[in-house]
Amino acid sequence: MAEATGTEYDNTTFAAFGPISLTSVDQAGHELGQNAVRLLLERIADRGRRSAQVILSPTLVARRSTARPAE
């Protein structure tokens, strides 16, 4: 019997439930939103402010859709 492995991006709540329970890449949506609002408010307060770059690190959330490596 062949095995399959699947992964999805965004780590939606739906991915954690159901018969498959998909492995996901979580892109830190809450932290992304917090930074966006902070940067927007800073830009509004100081219109001459330069653009800023914020780097967020995604994390892998391993679930049942991830198969063990073949031996």
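As a starting point, this report considers the structure included with it. (Residues numbered from 1 in each chain as written. Predicted model: local features only at pLDDT ≥ 70, side-chain atom pairs only at ≥ 80, totals over all residues. Heavy atoms only, no water.)

## A short note on the overall build of the chain
Thought 1: Each helix and strand in the chain was counted, giving 1 helix and 3 strands.
Thought 2: Reading the secondary structure of the chain in the N-to-C direction produces β-β-α-β.
Thought 3: Its C-alpha atoms give the chain a radius of gyration of 18 Å, more than 25% over the compact-globule value 11 Å for 71 residues.
Thought 4: Considered along the principal axes of its C-alpha atoms, the chain spans approximately 60 × 25 × 10 Å.
Thought 5: The positive charge centre, built from 8 side chains, and the negative charge centre, built from 8, are 9 Å apart in the chain. (Helix = DSSP H or I, 4+ residues; strand = E, 2+ residues; numbered from the N terminus. Rg over C-alpha atoms; globule rule 2.2 N^0.38 Å. Lys, Arg positive; Asp, Glu negative; His and termini not counted. Charge placed at Lys NZ, Arg CZ, Asp CG, Glu CD.)

## A few points about the pairing of strand β2 (residues 23-26)
Thought 1: Inspection of the sheet shows strand β1 (residues 7-9) paired to β2 by 3 bridges, in the parallel sense. Residue pairing in the sheet places Y9 in a bridge with V25 of β2.
Thought 2: In this sheet, strand β3 (residues 59-61) lies alongside β2 in antiparallel orientation, the contact comprising 3 bridges. By the bridge assignment, D26 is partnered in β3 with T59. (Pairing = 2+ DSSP bridges.)

## A look at the sheet that holds β2
Thought 1: Strand order in the open sheet formed by 3 strands is β1-β2-β3, with mixed pairing between adjacent strands. A strand with exactly one partner marks an edge of an open sheet, and here the two such strands are β1 and β3. Strand-to-strand twist in this sheet, taken as the mean axis angle between neighbours without regard to direction, amounts to 25°. (Axes fitted to C-alpha atoms, helices over the stretch in contact; angles between N-to-C directions.)

## Here's the deal with the pattern of salt bridges
Thought 1: Evaluation of the coordinates by the stated rule reveals 2 salt bridges.
Thought 2: With its nearest N and O atoms 3.3 Å apart, the salt bridge here joins R38 to E42. On the criterion of helical spacing, the pair formed by R38 and E42 is a turn pair, its members being 4 residues apart in helix α1 (residues 29-45).
Thought 3: When its relative accessible area of 35% is taken as the criterion, R38 is described as partly exposed.
Thought 4: Since its relative accessible area comes to 24%, E42 is described here as partly exposed.
Thought 5: A salt bridge links R49 to E42, with the shortest nitrogen-to-oxygen separation between them at 3.1 Å. (Salt bridge = Lys/Arg side-chain N within 4 Å of Asp/Glu carboxyl O. Buried < 20%, exposed > 50% of the residue type's maximum accessible area, 1.4 Å probe, protein only.)

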